[in-house]
Every structure is written in C-alpha cells, then in structure tokens.
Amino acid sequence: MTLFSFSGIALERKFLHRGVCGDPVPLEITVRNRLPFFRQSFTVTERYDFSVSGKCVMAVPALAPYGKMILNYSVKAEKRGEFMLDKVYLRSGDPFGLFRKTKLFSLPEYLEI
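Quick look at the structure, then.

The rules behind these values
Residues numbered from 1 in each chain as written. Predicted model: local features only at pLDDT ≥ 70, side-chain atom pairs only at ≥ 80, totals over all residues. Heavy atoms only, no water. Helix = DSSP H or I, 4+ residues; strand = E, 2+ residues; numbered from the N terminus. Buried < 20%, exposed > 50% of the residue type's maximum accessible area, 1.4 Å probe, protein only. Core = buried A, V, L, I, M, F, W, Y, C linked by side-chain atoms within 4.5 Å. Contact = heavy atoms within 4.5 Å. Pairing = 2+ DSSP bridges. Axes fitted to C-alpha atoms, helices over the stretch in contact; angles between N-to-C directions.

1. Concerning unusual backbone geometry
A negative phi angle is the norm for most residues apart from glycine, just as the trans form is the norm for most peptide bonds.
Here's step 1: The phi angle at Tyr 66 is positive, at roughly 60°, despite the residue not being glycine.
Here's step 2: The residue Tyr 66 is located in the loop between strand 4 (55–60) and strand 5 (68–76) in this model.
Here's step 3: Using a relative accessible area of 58% as the deciding quantity, one classes Tyr 66 as exposed.

Set out below in structure tokens:
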C-alpha cells in the first residue's frame, strides 16, 4: 500500500505574480520525490477563479527515487482582480479503480490580473 502513499512528495510553486486579462498566465509547479523509493504516477489538479475553464489537471508519470518533475503550463486569464491560488490536489489509485488516494497541498500565493 505504500505505493499509493503521497509521503515524501513535495510541491513548490513558481510564477509571476501578475498577468494581463485575455492573455495566458504562465504557471509552474515542481514535484519532488524526497524518498529513496519509486512513486506511482498521479495527477495534479488546481482550480482557478480567473479562468472560465476553472481548473487544470496535469499527469505526473512515476517518479524515480529523489526525482523531480517540473510542470510548466499556462491558463488564460479571463477575469480581472486579485486571486488567491492555494489548493493543489494530488490524486492516485490502482489500475483497477479499487483504491483511490487524494491529498491536499496548500501553496498560498496571490495573482493580480
């Protein structure tokens, strides 16, 4: 069952704290495996109040021991104002859908559009 565990997974967010309405906002999340064991693949999901699409889901393949993956993506800014980016969800499970695991990470940052 440790294969489905998120222990040892660390997230870090990097981005410009400003964006322009109507343009894509470049975002980056770094996923790190801090343990000497392989980590099963999972998805990273984040919701956005400044975009009509509302959320972004990214797949992370299996991580090697002490491995890292940088997720670079952009979301089109369609609303103006100051928005807080905070909750990032990791989701994983077994190939048959019998077990599911979700973990919430809090990465609070403000974004001005």
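That was the structure; now back to the text.
2. Some points on the nonpolar core
Here's step 1: In terms of nonpolar packing, the biggest core is built from 28 residues, with Val 31, Phe 42, Val 44, Phe 50 and Tyr 73 touching the most fellow members.
Here's step 2: Contributing elements (two or more residues each) for this core: strand 1 (9–15), strand 2 (24–33), strand 3 (42–47), strand 4, strand 5, strand 6 (82–93) and strand 7 (100–112).
Here's step 3: Not counting the four nearest positions on each side in its chain, Val 31 is found in contact with Ile 9, Ala 10, Leu 11, Phe 42, Val 60, Leu 63, Gly 67, Lys 68, Met 69 and Leu 71.

3. Concerning the sheet that holds strand 3
Here's step 1: Here we have four strands laid out as an open sheet, ordered 4-3-6-7, and antiparallel in their pairing. Only two strands of the sheet have a single neighbouring strand rather than two, namely strand 4 and strand 7. Within this sheet the neighbouring strands show an average axis-to-axis angle of 20°, counted without direction.
Here's step 2: When strand 6 meets strand 7, the two strands line up antiparallel, connected through eleven bridges. Note that in strand 7 the partner of Arg 91 across the bridge is Thr 102.

4. Concerning the pairing of strand 4
Here's step 1: Only one face of strand 4 is buried, namely the one carrying Cys 56, Met 58 and Val 60, since none of Lys 55, Val 57 and Ala 59 on the opposite face is buried.
Here's step 2: Pairing geometry for strand 3 and strand 4, over six bridges, is antiparallel. Paired with Glu 46 across the two strands is Cys 56, which belongs to strand 4.

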